Amino acid sequence: MAGGNDLKLLGMWASPFVVRVKLALSLKGLSYEYVEEDFSTKSELLLRSNPVHKKVPVLIHHGKPICESSIILQYIDEAFAGTGPSLLPADPYERAIARFWAAYIDDKMLAAWTQATKGKTEEERAEGMKQTLATVATLEGAFRDCSKGKPFFGGDSVGYLDVFLGGLLGWVRAYEKLGVKTFDPEKTPLLVAWAERFWSLEAVEPVMPDVSKLVEFGKMLLARAAAAAAGEGN
Amino acid sequence: MADGKEGDLKLLGMHVSPFAHRVSMALGVKGVRYEYIEEDLFHKSELLLSSNPVHKKVPVLIHDGRPICESLAIVEYVDEVWSGDGRPAILPADPYERAIARFWASYIDDKFFPAWLGIMRATTEEARGEKVKETQDAVQNLEKAFSEIAGGKGFFGGDTVGYLDLALGCFLPWFGAMRMMFGLEVIEAATAPLLAGWAERFGETAVAKEVLPEPEKAVAYAKKLQAYRASLNK
């Protein structure tokens, strides 16, 4: 329940962007009311709270909506600065680096991943996969630079980037079961080890989505995309 | 550096890059001196390639030898490093207002910018028409945002320029260029009166006058780009 924080999160169980916010709230130890949005019909509250994009996640604090996962994470860090650990680093340069890689994850890695899994043709999907692996290789380097030998992007403890990339891990595991390998132990060993480490954290494990449900959901989405493509005569 | 000393500060930019202008204007707001390096994007310097190996783009701010990339991340960095000491703030102080500012900056980059850029890049009348409509829809959203955020004052930042003024104002030379090249008004006084008023007002500020080039420069660059693309297609 919202309790003293007056926090409400509009989400959808399979959305990696929603998982990011749940992770941040869990790591900060903040209680909130969770509202599951239906995948196909959007509630009045969602449409009113995010009229521009009509998407989850939306965090509603004291009745005021905040949208976009990266913005919500920074808001949580700033509005609840005294509660639990900080997500973003204290140093301005390290913050800029964290923001840079967060933008990279969403603009480059996710875009490629979407093409790899939802591309209309075999060729498009193969190209998407190639791009995804290239971006993941770059992120392996980013992990090396940011962690400086420590267990997380945030150093000794979890930070903004861990949450940002961590939100995607449910789908990374689901896609692996569907035959698409995003993190390869031979090519990106640091990220593979980080992923295991991150998932097993006490504040993380309970928040992560059920991978077998994601697999079923993924199959449903792929079937839908294939039907749509066939319908378009592609 | 937390004490706000300038140290060694270099900005890699390009004379008609709106993203580089965001950074120049932010530094101007703070009254910070720096060395400006004009990049020839057709022949990128070693310094640019080594400072931004991931994207190879301007702007890059290099502070005491450490590069910061992505215009909005750089503006936040500048705001954090050169804070206090009577220097004006770029982002608002309140966490919710910061979230709103970040939301609209993200909208400007993800929705608005690709739409009007699409007008210039369209190769058919139909495609151009689509992008014009997208741009007009985005301008309507920004008009509404301005009325909500400015609260009756002159700028998104209130009485003085702030984050969103820089994020949107940087495009004024290119709006002028589109007027000259296509007879197209991106911000029409009839349909977006508040933004039209704001655009004029912003153009008159010291920081805009100091940094933003004449639209003719943008037109000349657009022609150079067109010629370059045409030569690639031969």
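Residues numbered from 1 in each chain as written. Chains lettered and ligands numbered in written order. Predicted model: local features only at pLDDT ≥ 70, side-chain atom pairs only at ≥ 80, totals over all residues. Heavy atoms only, no water.

An unreviewed UniProt entry lists chain B under the name Glutathione S-transferase, with Digitaria exilis as the source organism. If you open the UniProt record of chain B and go to Subcellular location (unreviewed entry), you find "Cytoplasm, Cytosol". (UniProt positions renumbered as here; feature names shortened; annotations may be inferred.)

Chain A has the name Glutathione S-transferase in an unreviewed UniProt entry, where Digitaria exilis is given as its organism. As stated in UniProt under Catalytic activity (unreviewed entry), the record for chain A gives "RX + glutathione = an S-substituted glutathione + a halide anion + H(+)". Its UniProt record, at the heading Sequence similarities (unreviewed entry), says of chain A: "Belongs to the GST superfamily. Tau family."

Student: Can you explain the overall build of chain A? Please cite residues and give values.
Tutor: Within chain A, the secondary structure is distributed over nine helices and four strands. Seen in sequence order, chain A has helices and strands lined up from the N terminus as β-α-β-α-β-β-α-α-α-α-α-α-α. Over its C-alpha trace chain A gives a radius of gyration of 18 Å, about what one expects of a compact globule, namely 17 Å for 234 residues. Referenced to the eigenvectors of the C-alpha coordinate spread, the extents of chain A come out at roughly 55 × 45 × 30 Å. Out of the 234 residues belonging to chain A, those deemed buried represent 49%. A sequence separation of at least 24 residues applies to 68% of the contacts in chain A between residues at least 6 apart. Positive and negative charge centroids in chain A, built from 27 and 30 side chains respectively, lie 2 Å apart. (Helix = DSSP H or I, 4+ residues; strand = E, 2+ residues; numbered from the N terminus. Rg over C-alpha atoms; globule rule 2.2 N^0.38 Å. Buried < 20%, exposed > 50% of the residue type's maximum accessible area, 1.4 Å probe, protein only. Contact = heavy atoms within 4.5 Å. Lys, Arg positive; Asp, Glu negative; His and termini not counted. Charge placed at Lys NZ, Arg CZ, Asp CG, Glu CD.)

Student: Tell me what's going on with the packing of helix α4 (residues 95–121) of chain B against helix α5 (residues 125–150) of chain B, and back it up with residues and numbers.
Tutor: Residues and elements named next belong to chain B. Between α4 and α5, the shortest axis-to-axis distance is 8 Å and the interhelical angle comes to 155°. By the angle class used here, α4 and α5 are roughly antiparallel. Relative to α5, α4 is oriented so that their crossing is left-handed. On the side of α4, the interface is formed by I100, W104, Y107, I108, F112, A115, W116, G118, I119 and M120, while α5 contributes R128, K131, V132, E134, T135, D137, A138, V139, N141, L142, A145 and I149. Per-class residue counts for the contact of α4 with α5 are 15 nonpolar, three polar and four charged. (Axes fitted to C-alpha atoms, helices over the stretch in contact; angles between N-to-C directions. Parallel < 35°, antiparallel > 145°, perpendicular 65-115°, else oblique. Left-handed = near helix turned anticlockwise from the far one by under 90°. Nonpolar A, V, L, I, M, F, W, Y, C, P; charged D, E, K, R; others polar.)

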